[in-house]
Each structure stands twice: as structure tokens, then as C-alpha cells.
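# Fold and geometry: a report
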Amino acid sequence: EVQLVESGGDLVQPGGSLKLSCAASGFTFDSYGMKWVRQAPGKGLEYVSAISKNGDTTFHANSVRGRFTISRDNSKNMLFLQMGSLRPDDMGVYYCATEGFDFWGPGTMVTVSS
Amino acid sequence: QSALTQPPSASGSPGQPVTISCSGTSSDVGAYTYVSWYQQHPGKAPKLMIYEVNKRPSGVPDRFSGSKSGNTASLTVSGLQAEDEADYYCSSYAGSNNYVFGTGTKVTVL
């Protein structure tokens, strides 16, 4: 059974940093690209970042480019999102998802507030 | 990249059909067959319901179907059931490893 579990969400001040993690199990992690999608409270889904199966290709949406970095550790079946220069509009639930958005984790909440 | 446009709400009685539209551009929906639909119940993660315009993942009831014409994709639930009440989102590949999601539609079962 495919399982994705995010962690690392927290309350952080504007301008601060946070690192999200996603633990993957139940599939051959290093055979698939992975993605991060976020959802602001009461709002729709927003595509944030993506990484190829071996980590050599990444993508970041314009809204986070230069501030967020996606990475992975295939030896530990882990996906990461390093978030910096956080702004109030970065607040929301962050989901990790498999390459084709087939499977999603339950999400982790990021709150940006002073 | 602008979000794909969906109607804010849709509704139907049990057993009746409901169709949700997803309007994009020639750079996303109109350019690729990588259109997907997701169901999201309150407080839960999205669930993939349709991929590549009209394909259903294993376990998704066959009352869910997808189609596309030009720059607009559609999701149809042929016979609404109480458990279908949820938010629905479309997404499309937009080139260069980029994807765009729809604005979301709240489906109510009357």
C-alpha cells in the first residue's frame, strides 16, 4: 500500500524558514518523480514544486522560485521542501504527491504569522 | 500561469447526472491530454478520480467520466450519490514541467 506522510509544518514568522519532509513507503520511491502541492485555508490547490526520480531535474512555481527548494533522499525514501523568506501567502496545507498525482499524503500545515 | 476556470458550485439530486467544466487555454488544456480530476472531502487530501482526460484509476466508480473538447475539459458524475458531495478540482499539464489546477467546484447532493 502506497503511503505518504508529511511532517515539519509549524508556525513561523514572516521572513522565516521551514523544512518539510515527506516519508514514502509501499512503492519503489526512486522510480518516480514527486511533487508538492499546497492549499491556502479555504482556497484551491496550487502546484508548488516537482523533482525527477533521480533528483537531477527540479521545477518550482513562479510564486516560490528562489525561495523554496525541493530535494529528495532516495536512500531513505524521503522528499523534502526547504522553504525560505516565508510570507503570509505561503500559509496553508502542504501535500506531497506521487508523479502523476496518483497518491497524496494527508498534508502538513504551515502557518506564517507574527 | 492562471488557474483553470471552474464553476464555483454544482448540484443535483441523487441518481441525477452532474457535469463540471474546466476551462483553460491553448497552452494547457487545449495542448495536452494530461487533464486530471480530483475529489476532495472536507479536511481530507485530494483523491485522483480521472487522469489523461478520461481514464479512471482502479477503484474509482464508473459513474465518473471525463472528456475534453478544445480548451475545455469536463467531469460527469452519471448518477449522483450522497458520498459524491465534495469539492472537485481539475488540473492540466502546461508544459515545461508545469501544471495548473482549476479553481474548484463544490458539488452538493440535494
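Residues numbered from 1 in each chain as written. Chains lettered and ligands numbered in written order. Predicted model: local features only at pLDDT ≥ 70, side-chain atom pairs only at ≥ 80, totals over all residues. Heavy atoms only, no water.

The interface is formed by 17 residues belonging to chain A together with 12 residues belonging to chain B. Both faces combined, the contact of chain A with chain B buries some 1,200 Å², and carbon together with sulfur accounts for 64% of it. Contact with chain B buries area across many residues of chain A, yet A:L45, A:Y47 and A:F101 alone supply 42% of it, more than any other trio. Linking chain A to chain B there are zero salt bridges. Between chain A and chain B we count five residue pairs in polar contact (both at pLDDT 80 or more) in total. (Contact = heavy atoms within 4.5 Å. Buried area = accessible area lost by both parts, 1.4 Å probe. Salt bridge = Lys/Arg side-chain N within 4 Å of Asp/Glu carboxyl O. Polar contact = N/O pair within 3.5 Å; in protein donor to acceptor, adjacent residues only side chain to side chain.)

A word on the pairing of strand 3 (residues 35–40) of chain B. Residues and elements named next belong to chain B. Burial of strand 3 is extensive: six of the six residues sit out of reach of the surface. Pairing of strand 3 with strand 7 (residues 86–95) involves six bridges; the strand directions are antiparallel. Counted as the bridge partner of W37 is C90 from strand 7. Inspection of the sheet shows strand 3 paired to strand 4 (residues 47–50) by three bridges, in the antiparallel sense. Counted as the bridge partner of Q39 is K47 from strand 4. In textbook terms, the turn of a hairpin is the stretch between consecutive antiparallel strands, and for strand 3 and strand 4 this stretch comprises six residues, one of which, G43, has a positive phi near 75 degrees. (Buried < 20%, exposed > 50% of the residue type's maximum accessible area, 1.4 Å probe, protein only. Helix = DSSP H or I, 4+ residues; strand = E, 2+ residues; numbered from the N terminus. Pairing = 2+ DSSP bridges.)

This next bit is on the packing of aromatic side chains. Evaluation of the coordinates by the stated rule reveals 16 aromatic pairs over all chains. For the pair B:Y93 and B:Y99, a centre-to-centre distance of 5.1 Å together with 65 degrees between the ring planes defines the contact as edge-to-face. What makes B:Y93 buried here is its relative accessible area of 17%. In textbook terms, an aromatic cluster arises when at least three aromatic residues are bridged by ring pairs, as seen for A:Y47, A:F59, A:Y95, A:F101, A:W104, B:Y32, B:Y34, B:Y38, B:Y93, B:Y99 and B:F101. For the cation-ring pair, A:R72 lies above A:F29, with the distance from its terminal atom to the ring centre recorded as 4.2 Å. (Phe/Tyr/Trp six-rings, centres within 6.5 Å; stacked < 30°, edge-to-face > 60°. Lys NZ or Arg CZ within 6 Å of the ring centre and 35° of its normal.)

A few words on the pattern of salt bridges. Enumeration over the complete set of coordinates arrives at seven salt bridges over all chains. With its nearest N and O atoms 2.7 Å apart, the salt bridge here joins A:E46 to A:R38. A relative accessible area of 29% places A:E46 in the partly exposed class. Its salt-bridge partner being B:R63, residue B:E83 comes within 3.8 Å of it at the nearest N-O pair. Here the residue B:E83 occupies a position in the loop between strand 6 (72–77) and strand 7, and B:R63 occupies one in the loop between strand 4 and strand 5 (64–69), the gap between them amounting to 20 residues. Taking relative accessible area as the criterion, B:E83 reaches 46% and is therefore assigned partly exposed. Using a relative accessible area of 13% as the deciding quantity, one classes B:R63 as buried. Overlapping salt bridges, with partners in common, bring together A:R38, A:E46, A:R67 and A:D90 in one network.

That's the geometry; what it means functionally is another story.
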